[in-house]
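Summary of structural features
Chain by chain, the residues:
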Amino acid sequence: MKRREFTLPELQRLDELGDGAILQIGRHDYERLFDLNDAALGRLRNFARGHQCVASFADSAVVFRKRSTSATEDSVQTLADEVSRQKLARE
């Protein structure tokens, strides 16, 4: 179940998540917090990186996954890449 009306201070608690933990916010909250203009995706990516997370889009949500502290930037595979591969495999 997704919670509605997340605030930025609540999202900044991503720092407290353990390695591999996942936090999901609804599309409504994403649009409200990050907007829908051309810069929104960049803001989302920068926010996620700043909290050692990767962000990916699901059907009606945005999912943040905490990166492993022992992994390097180059060795971490993003959820977006994983989802893309899975979609290609289904086609």
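See the structure above.
Residues numbered from 1 in each chain as written. Predicted model: local features only at pLDDT ≥ 70, side-chain atom pairs only at ≥ 80, totals over all residues. Heavy atoms only, no water.

The next thing to look at is the packing of aromatic side chains. All chains considered together, the criterion is met by four aromatic pairs. Ring pairing ties together the aromatic residues Tyr30, Phe34, Phe47, Phe57 and Phe64, which thus form one cluster. (Phe/Tyr/Trp six-rings, centres within 6.5 Å; stacked < 30°, edge-to-face > 60°.)

This part is about the nonpolar core. Considering soluble globular proteins, one finds that nonpolar side chains tend to be buried as a cluster. Of all hydrophobic cores here, the largest spans 14 residues; its most connected members are Leu11, Ile25, Tyr30, Phe34 and Phe64. Listed by contribution, the elements that provide at least two residues to this core are α2 (27-34), α3 (40-50) and β3 (61-66). Per element, the largest residue contribution to this core is four residues, and it comes from α3. (Core = buried A, V, L, I, M, F, W, Y, C linked by side-chain atoms within 4.5 Å. Buried < 20%, exposed > 50% of the residue type's maximum accessible area, 1.4 Å probe, protein only. Helix = DSSP H or I, 4+ residues; strand = E, 2+ residues; numbered from the N terminus.)

Moving on: the environment of Ile22. By the secondary structure assignment, Ile22 is in strand β1 (residues 22-26). Take Ile22: its relative accessible area is 55%, and that puts it in the exposed class. A sequence separation of 44 residues divides Ile22 from Lys66, and the C-alpha atoms of the two residues are 6.4 Å apart. Leave out the neighbours within four places in its chain, and Ile22 touches Val63, Phe64 and Arg65. (Contact = heavy atoms within 4.5 Å.)

Our focus in this paragraph is unusual backbone geometry. Most peptide bonds adopt trans geometry, and most residues besides glycine take a negative phi value. Phi is positive for Asp35, which is not a glycine, with a value near 75°. Its location among the elements puts Asp35 in the loop between α2 and α3. Overall, Asp35 belongs to the partly exposed group, its relative accessible area being 38%. Phi at Gln52 takes a positive value of approximately 55°, unusual for a residue other than glycine.

Here we come to the pattern of salt bridges. Applying the stated criterion across every chain, the model contains three salt bridges. Note that Arg32 is salt-bridged to Glu5, the shortest N-O span being 3.3 Å. You can see Arg32 sitting in helix α2 and its partner Glu5 sitting in the segment before α1 (8-11), a full 27 residues away along the chain. For Glu5, a relative accessible area of 42% gives the class partly exposed. Asp29 is the salt-bridge partner of Arg32, the closest N and O atoms lying 2.7 Å from each other. With a gap of three residues between them, Arg32 and Asp29 both fall in helix α2, about one helical turn apart. (Salt bridge = Lys/Arg side-chain N within 4 Å of Asp/Glu carboxyl O.)

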